[in-house]
Amino acid sequence: MADLALAPRRAKPEMREASTWDRLKHNKNWLGFWFMLPAMGFLILFLAYPLGLGVWLSFTDAKIGQPGEFIDIGNYQWLWGDDVFWLSVFNTIGYTVIASTIKFAVGLYLALLLNENLPFKAMLRALVLIPFIVPTVLSAIAFWWIFDAQFSIISWSLRHLGLITHNINFLGDTTWARICVIFANIWRGVPFVAITLLAGLQTVQPSLYEAATLDGASSWQRFRYVTYPLLTPIIAVVMTFSVLFTFTDFQLIWVMTRGGPVNATHLMATLSYQRAILGGQLGEGAAISTAMIPFLLAAILVSWFGLQRRKWQQGENND
C-alpha cells in the first residue's frame, strides 16, 4: 500500500481541441449540406460550367472547330445592329407574355373546376395531364400535321363545311404561324399550371369558405378574399416556372416552323441554335443565349420580391 501511495500519479490525457473539420462532420446544422453536396456537384458540372463557358464564348469569335480569340463585346455590338436578333427578342417577349397569360387564366379555371365535386373527377384530372406528359417533339409533330398546308384537318373540315374554298397555309403565313405556335405552347403548358394550382387549392381549409359563406360572401368574394390570397405563393412559383419554360422554348418552335416563315417565329433560343450550330458561329450564338439571362433574372426577381412583400406568410401583417 505504501508503495502504491509513493508511486507517481499518471497525468490525465489532455483533451484535444476539436478541429473545424471535426465540428463540421458532426454538426447537425451541416447535415443538409452534406446531403446536398452530390446534387451540387451535378449542378455545377452540368449547369454552372456550361453557363460559364457560354458566357466566355460570347466574348470570343469562336467557330466550330476553332477555339477563337477574345474580341471583347464585338458579338454584342454586332447583335445590337442585327434586325433579325431584335425580331427574335420581340417574338420571344410576345410569345412568353401571351402564352403565359392565357395558360394562367385557363389553368386557374381548370383548377377551380377540378376542385369541385364532379363525377369521374379522378379520370378528368388524369386526362388534363395528358398534354403535359406527352413528349414535346411528339406534340410538335402532331401540331405540325394539324396545321400543315396540304393535309391540315382544320382546312379539310372547313372545306367540307363550305366555309373556305382552299386550304389555309397556317405555318406559311407570319400571323398564322405565330398564332399556331402560341396555341401549341398553351396546349402543352396548361396542365402544369392547372395541376399545380389544384394542389394549392387542396391546402385551403374548407372552414374558411364556410365562414365566408355565413358572412354573406358571394362566389366572387370567396375567391377574391379567401382563395386568391392563400393561393398567391403557389401562383408566384408556378408562373415563374411557366415564364422560364416558355421564354426558353426551343423544341416546339424548331419542329413546327424552324423559326419561319421569314423569321416570324424565331425565338432567341432557336436563333442561337441556328447561328451557333447550323451556322458555325459559336461566339455569336453564345452571345444570343447570354442575352437571355437578364430577362430570366428579371422574371425570377419579380417573383422573389413579390413573395417577400407577403408578410402574412411569416405571421406578420401585410402592410
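Preceding block: the structure.
For clarity, every value in this text was computed on a predicted model and none was experimentally measured. The numbering scheme is per chain: residues are counted from 1 as the chain's sequence reads. Where local features are concerned, this predicted model is filtered to residues with pLDDT of at least 70; where side-chain atom pairs are given and counted, the filter is 80 or more; whole-chain, interface and lining totals use all residues. The side-chain figures draw on all heavy atoms in the structure; neither hydrogens nor water molecules are used.

A word on the packing of helix H3 (residues 31–57) against helix H14 (residues 282–290). One can describe the packing of H3 onto H14 by two numbers: an axis separation of 7 Å at closest approach and a directional angle of 120°. Relative to H14, the element H3 lies oblique. H14 is crossed by H3, and the crossing has left-handed handedness. Of the residues in H14, those in contact with Gly-54, Val-55 and Leu-57 of H3 are Gly-283, Ala-286 and Thr-290. Throughout, an axis means a line fitted to C-alpha atoms (over the contacting stretch in the case of helices), and angles, computed between N-to-C directions, take values from 0 to 180 degrees. Numbering goes from the N terminus for both helices and strands, where a helix is a DSSP run of H or I of at least four residues and a strand is a run of E of at least two. An angle below 35 degrees is read as roughly parallel, one above 145 as roughly antiparallel, one from 65 to 115 as roughly perpendicular, and any other as oblique. Crossing handedness follows the turn of the near helix against the far one: under a right angle anticlockwise gives a left-handed crossing, and clockwise gives a right-handed one. When checking whether two residues touch, look at their non-hydrogen atoms; a contact exists if any pair is within 4.5 Å.

Working definition: a ring pair exists when centres of Phe, Tyr or Trp rings (six-membered ring for Trp) sit within 6.5 Å. Plane angles under 30 degrees give stacked, over 60 give edge-to-face, the rest tilted. Within this structure, the stated rule accounts for 22 aromatic pairs. On the numbers, 5.4 Å between centres and 75° between planes, the contact of Phe-143 with Trp-187 is edge-to-face. Residue Phe-143 is located in helix H7 (residues 136–146), and its partner Trp-187 is located in helix H9 (residues 174–201); the two are separated by 44 residues in the primary sequence. Overall, the relative accessible area of 6% leaves Phe-143 in the buried class. Exposure classes here rest on a 1.4 Å probe applied to the protein chains alone. A residue is buried below 20% of its type maximum, exposed above 50%, and partly exposed in between. Here Trp-187 falls in the partly exposed class, since its relative accessible area comes to 35%. Members of the aromatic cluster, connected to one another through ring pairs, are Phe-143, Phe-147, Phe-170, Trp-176, Phe-183 and Trp-187.

Attention now goes to unusual backbone geometry. Of note, the amide linkage connecting Gly-260 to Pro-261 takes the cis form, showing an omega dihedral of -5°. With respect to the helices, strands and loops of the structure, Pro-261 is situated in the loop between helix H12 (251–256) and helix H13 (268–278). For Arg-258, which is not a glycine, the phi torsion comes out positive at approximately 55°. Considering the arrangement of structural elements, one finds Arg-258 in the loop between H12 and H13. Judged by relative accessible area, which is 52%, Arg-258 ranks as exposed. Backbone geometry at Val-262 places phi at a positive 55°, although glycine is not the residue there. Mapped onto the elements of the fold, Val-262 is located in the loop between H12 and H13. Note on Val-262: relative accessible area 70%, which makes it exposed.

Once that is clear, we can look at the environment of Ala-299. Looking at the secondary structure, you find Ala-299 in helix H15 (residues 293–308). For the pair Ala-299 and Phe-241, spaced 58 residues apart in sequence, the C-alpha to C-alpha distance is 9.3 Å. Every residue in contact with Ala-299, bar those within four places of it in the chain, is listed here: Thr-240 and Val-243.

What follows covers a nonpolar patch on the surface. For patch building, the residue pool is restricted to those with more than 30% relative accessible area and no salt bridge; the joining distance is 9 Å between like charges and 5 Å between nonpolar side chains (Val, Leu, Ile, Met, Phe, Trp, Tyr). Areas reported as accessible are Shrake-Rupley estimates using a 1.4 Å probe. Residue values count occlusion only from the protein chains shown. Each salt bridge in this description consists of a side-chain nitrogen of Lys or Arg and a carboxyl oxygen of Asp or Glu lying within 4 Å of one another. Together, Tyr-109, Leu-113, Leu-118, Phe-120, Met-123, Leu-124, Leu-127, Ile-130, Phe-132 and Ile-133 give the surface a local cluster of nonpolar side chains, amounting to about 980 Å² of exposed area. Elements with a contribution of two residues or more to the nonpolar patch: helix H5 (83–114) and helix H6 (121–133). Along the chain, Leu-118 turns up in the loop between H5 and H6. Leu-118 sits in the partly exposed class, given a relative accessible area of 30%.

Here the focus is the pattern of salt bridges. The tally for this structure, following the rule as stated, stands at two salt bridges. Taking the shortest distance from any N to any O, the salt bridge between Asp-82 and Arg-275 comes out at 2.9 Å. On the criterion of sequence distance, the pair formed by Asp-82 in the loop between helix H4 (74–80) and H5 and Arg-275 in helix H13 is long-range, its members being 193 residues apart. Note on Asp-82: relative accessible area 11%, which makes it buried. In this structure, the salt-bridge partner of Arg-275 is Glu-284, at a minimum N-O distance of 2.3 Å. Several salt bridges share partner residues, and in doing so they unite Asp-82, Arg-275 and Glu-284 into one network.

So yeah, pure geometry; function would need other evidence.
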